[in-house]
Amino acid sequence: MRNEKTPKENSTSAITPSSPWRIRKVRPLENYRLYVKFMDGIEGFVDLSHLIKSDNAGVFTALSDFTLFKKVYLDHGAVAWPGELDLAPDAMYEIIKERGEWILQ
């Protein structure tokens, strides 16, 4: 028999992404760089300065406004900004795990 607690006990609203490549902390730094820390403790940096200033920046051109860049946040374990901009955490994880820094160009 179902009781009133069943829906809350099975709720997914409190689930925290735990894949190792999910990010648990992000902090904007000077010169369009980010500090990131992943669920498994791996940490490193993402350098977007070359991408943002390039002719190939596409939608990331908006991040040249440093006020917007500093509004970085986590969206279910991925780095994101207002305006539906985000970065792939799995690709970021592999490169940072190997090199300590992901430089986007």
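Refer to the structure printed above.
A few points on the structure. Bear in mind that the values here come from a model prediction, so they are computed numbers and not experimental data. (Residues numbered from 1 in each chain as written. Predicted model: local features only at pLDDT ≥ 70, side-chain atom pairs only at ≥ 80, totals over all residues. Heavy atoms only, no water.)

Digging into the overall build of the protein
A count of helices and strands for the protein gives 4 helices and 7 strands. Put simply, the protein runs from its N terminus to its C terminus through helices and strands in the order α-β-β-β-α-α-β-β-β-α-β. The buried share among the 105 residues of the protein stands at 32%. A separation threshold of at least 6 residues defines the contact pool for the protein, and within that pool the share at least 24 residues apart is 44%. In the structure as shown, the protein presents an accessible area of about 7,000 Å², 47% of it carried by carbon and sulfur atoms. (Helix = DSSP H or I, 4+ residues; strand = E, 2+ residues; numbered from the N terminus. Buried < 20%, exposed > 50% of the residue type's maximum accessible area, 1.4 Å probe, protein only. Contact = heavy atoms within 4.5 Å. Areas by Shrake-Rupley, 256 points an atom, 1.4 Å probe, with all protein chains shown as cover.)

Details of the side chain of S49
Its location among the elements puts S49 in helix α2 (residues 49-53). At a separation of 2.6 Å, a polar atom in the side chain of S49 contacts the side chain of D47. Each residue touching S49, except ones within four places of it in the same chain, is listed here: N31 and Y32. (Polar contact = N/O pair within 3.5 Å; in protein donor to acceptor, adjacent residues only side chain to side chain.)

Structural notes on the sheet that holds strand β6 (residues 85-86)
Taken in spatial order, the 3 strands make up an open sheet running β4-β5-β6, and their pairing is antiparallel. Both edges of this open sheet fall to β4 (73-75) and β6, since each of them pairs with a single strand only. Note: strand β5 (residues 78-81) against β6, 2 bridges, orientation antiparallel. When the bridges of β6 are listed, W81 appears paired with L85. (Pairing = 2+ DSSP bridges.)

Section: the environment of S64
Within the secondary structure, S64 sits in the loop between α2 and α3 (66-69). Remark: the alpha-carbon pair of S64 and K53, spanning 11 residues in sequence, is separated by 7.3 Å.

Remarks on the packing of aromatic side chains
Tallied over the entire structure, the rule returns 6 aromatic pairs. Between Y32 and F66 the ring centres are 5.2 Å apart and the planes differ by 85 degrees, which places this aromatic pair in the edge-to-face class. One end of the pair, Y32, is in the loop between β1 (23-29) and β2 (33-38); the other, F66, is in helix α3, with 34 residues separating them in the sequence. (Phe/Tyr/Trp six-rings, centres within 6.5 Å; stacked < 30°, edge-to-face > 60°.)

Here's the deal with the side chain of D47
Note on placement: D47 falls in strand β3 (residues 43-47). Apart from residues no more than four positions distant in its own chain, D47 is found in contact with N31, Y32, R33, E101, W102, I103 and L104.

Here's the deal with the sheet that holds β3
If you trace the 4 strands from one edge of the open sheet to the other, you get β1-β2-β3-β7, paired in mixed fashion. A strand with exactly one partner marks an edge of an open sheet, and here the two such strands are β1 and β7 (101-103). Each neighbouring strand pair of the sheet contributes to a mean axis angle of 20 degrees, computed without reference to strand direction. With 3 bridges joining them, β3 and β7 adopt parallel strand pairing. By the bridge assignment, D47 is partnered in β7 with I103. (Axes fitted to C-alpha atoms, helices over the stretch in contact; angles between N-to-C directions.)

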